[in-house]
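# Breakdown of the fold
Below, each chain spelled out in residue letters.
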Amino acid sequence: MRVALVLSGGGIWATAAIGVLQALEEWGCQPDLVVGTSSGAIIGSLWAAGLPSSQLMQMALSLTRRDVPVSWRNIGGQLLTQHRLPEALLDGAPLWQKIAPYLEKYTVSSVPRPLWVVATSLTDRAPVVFGARPEIVKPGFLMGDDTVNLFTAVRASSSVPGFFPPIVLNDQVLVDGGVGDDYPLDVAEMVGADRALGLWIDEPARWQLPSPRPHALQVLVESMAVMIREISLLRQSRLLMPHLDLRIELSGHTVFERIGEIIEMGYLATVGSKASIDQLFNE
C-alpha cells in the first residue's frame, strides 16, 4: 500500500504542514510520496529534498513581512511610465533566496522522496503536474516536463495571481496550483497512491456585511477563494481513494507573527488523529 502525504495551498497557513511532519517523524511514519500545491508545494518539496521538520520549523519561524514586501517601486514605475499595473504586487525575491539553495540542485523527478508539484496553466487552462509521469493521466490534467528544475516548478506552483509574477515555461504561462487544484488528492490517486493523509487549509465563509466598503482587491481575493473552495469540494467528491483529512480553517492571510501557533495547530491536529493515522499507515 502506497500512502501519500497531500499538502494544500494556504499561504502562511501551509506551515501547519511542518507540525504534521513533526508528528509523523516522531512516530516513524514515512509517507511513500508527497503531492503539494502552492505553499504546500514549498513545504512538501523541502521535506522531500531531505530537510527534517526541525529545520523546516527554523526556516518558517525566521520568516517576516520583509521576505515578501510590497513592490511599491515597481508599482509606481509601471503606473507612471507605462500607465499600467505591474504583473505582481509583491516582491518574492527575499523568500526565494532562502529556498533556492535546497531545491535548485534537483529536477522534479530526482528528489530523494517521490514528489509531485501542481501548478496551473493559463495557456491551456488546466492543472499541470510536475513529477514522474504516471501510467494513466486523468482527463483534465497536463503532465509537465519531468526534467524541469524543482525550484522552477515550485515557483510556478506558488505564483499567486496578482501577487507573484507568473512563470513562463515551455510556451506555457503558469500560476498558482491552487487556481485549478488547491487540495490535490486526485493527483495522489492518479500517480499511484492507494490512500492519503492530507492537510487541507480550508477557507470558511467569513465575509458578512463588510464595513467599511471593500476595495477592489478584497473583492477579487474573496471571489477567488470561493471558486477555489468549490473546485476543491468537487474534486474531492470524485475520489475513489481512501483518505484522511486534517482540516485547518484559515483566518487571516499575512499572519507571520502566528507561524509558531500555526505549526502547533498542525501538530495537534495530527496527534488528535493518531489512531486513524496509525490505521492508515499500518493496516
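Note that the structure is a prediction, hence the values are computed from the model and not measured.

### Describing the overall build of the protein
A tally of helices and strands in the protein yields 11 helices and nine strands. A compact globule built from 283 residues should have a C-alpha radius of gyration of about 19 Å, and the protein, at 18 Å, falls within 12% of that. Dimensions of the protein along its principal axes, counting C-alpha atoms only, are 60 × 40 × 35 Å. When burial is assessed residue by residue, the protein has 51% of its 283 residues classed as buried. Once local pairs closer than 6 in sequence are excluded, the contacts in the protein between residues at least 24 apart make up 75%. Only carbon and sulfur atoms are counted for the fraction: they give 56% of the accessible area of the protein, which is about 13500 Å². Across the protein, 21 positive and 29 negative side-chain charges occur, with their mean positions spaced 5 Å apart.

### With respect to the packing of aromatic side chains
Two numbers describe a pair of aromatic rings. These are the distance of the centres and the angle of the planes. Considering all chains together, one arrives at three aromatic pairs under this definition. When the ring of Trp96 is compared with that of Phe151, the centres are 6.0 Å apart and the planes differ by 80 degrees; the resulting orientation is edge-to-face. Taken together, the positions of Trp96 in helix α5 (residues 93–103) and Phe151 in helix α6 (residues 150–157) put the pair 55 residues apart, joining distant regions of the chain. Comparing Trp96 with Phe151, the two get one shared label, buried. Each member of the aromatic cluster is reached from another via a ring pair, and the members are Trp96, Phe151 and Phe164. Of note, Arg113 hangs over the ring of Trp47, and the distance from its end group to the ring centre comes to 3.9 Å.

### Quick notes on helix α2 (residues 39–48)
Buried residues dominate α2, accounting for 10 of its 10 residues. Residues Ser39, Gly40, Ala41, Ile42, Ile43, Gly44, Ser45, Leu46, Trp47 and Ala48 constitute the buried set of α2. Immediately downstream of α2, the backbone of Gly50 shows phi near 115 degrees, a positive value.

### Details of unusual backbone geometry
Not every positive phi belongs to a glycine, and Arg125 is a case in point at roughly 55 degrees. As for its position among the elements, Arg125 is in the loop between β3 (115–121) and β4 (126–130). One non-glycine residue with positive phi stands out, namely Asp171, at about 65 degrees. Inspection of the secondary structure assignment puts Asp171 in the loop between β6 (167–169) and β7 (172–176). Asp171 gets classed as exposed once you look at its relative accessible area, which sits at 74%.

### Section: the pairing of β3
The side chains of a regular strand alternate, residue by residue, between the two faces of the sheet. Counting buried residues in β3 gives seven out of seven residues, a clear majority hidden from the surface. Residues Leu115, Val117, Ala119 and Ser121 point to one face of β3 and Trp116, Val118 and Thr120 to the other, with burial holding for every one of them. Pairing of strand β2 (residues 33–37) with β3, which is carried by four bridges, proceeds in the parallel orientation. Opposite Thr37, over in β3, you have Val118 as the bridge partner. Pairing geometry for β3 and β4, over five bridges, is antiparallel. When the bridges of β4 are listed, Ala119 appears paired with Val128.

### Concerning helix α10 (residues 259–272)
Taking 1.5 Å per residue as the helical rise, α10 with its 14 residues ought to reach 20 Å, and the 20 Å between its terminal C-alpha atoms agrees with that figure. Along α10, the residues that are buried comprise Ile259, Ile262, Ile263, Gly266, Tyr267 and Thr270. Looking straight down α10, one finds that the buried residues subtend no more than 140 degrees of arc, so they occupy a single side. Set apart from the buried face of α10 by more than 90 degrees, the exposed residues are Leu268 and Gly272.

### Describing the environment of Ala48
Tracing the sequence through the fold places Ala48 in helix α2. Judged by relative accessible area, which is 0%, Ala48 ranks as buried. Taking the C-alpha atoms as reference points, Ala48 and Pro112, 64 residues apart in sequence, are found 6.2 Å from one another. Discounting chain neighbours no more than four positions away, the residues touching Ala48 are Val111, Pro112, Arg113 and Leu115.

Conventions used here
Residues numbered from 1 in each chain as written. Predicted model: local features only at pLDDT ≥ 70, side-chain atom pairs only at ≥ 80, totals over all residues. Heavy atoms only, no water. Helix = DSSP H or I, 4+ residues; strand = E, 2+ residues; numbered from the N terminus. Rg over C-alpha atoms; globule rule 2.2 N^0.38 Å. Buried < 20%, exposed > 50% of the residue type's maximum accessible area, 1.4 Å probe, protein only. Contact = heavy atoms within 4.5 Å. Areas by Shrake-Rupley, 256 points an atom, 1.4 Å probe, with all protein chains shown as cover. Lys, Arg positive; Asp, Glu negative; His and termini not counted. Charge placed at Lys NZ, Arg CZ, Asp CG, Glu CD. Phe/Tyr/Trp six-rings, centres within 6.5 Å; stacked < 30°, edge-to-face > 60°. Lys NZ or Arg CZ within 6 Å of the ring centre and 35° of its normal. Pairing = 2+ DSSP bridges. Expected span 1.5 Å × (residues − 1). Arc of directions from axis to C-beta.

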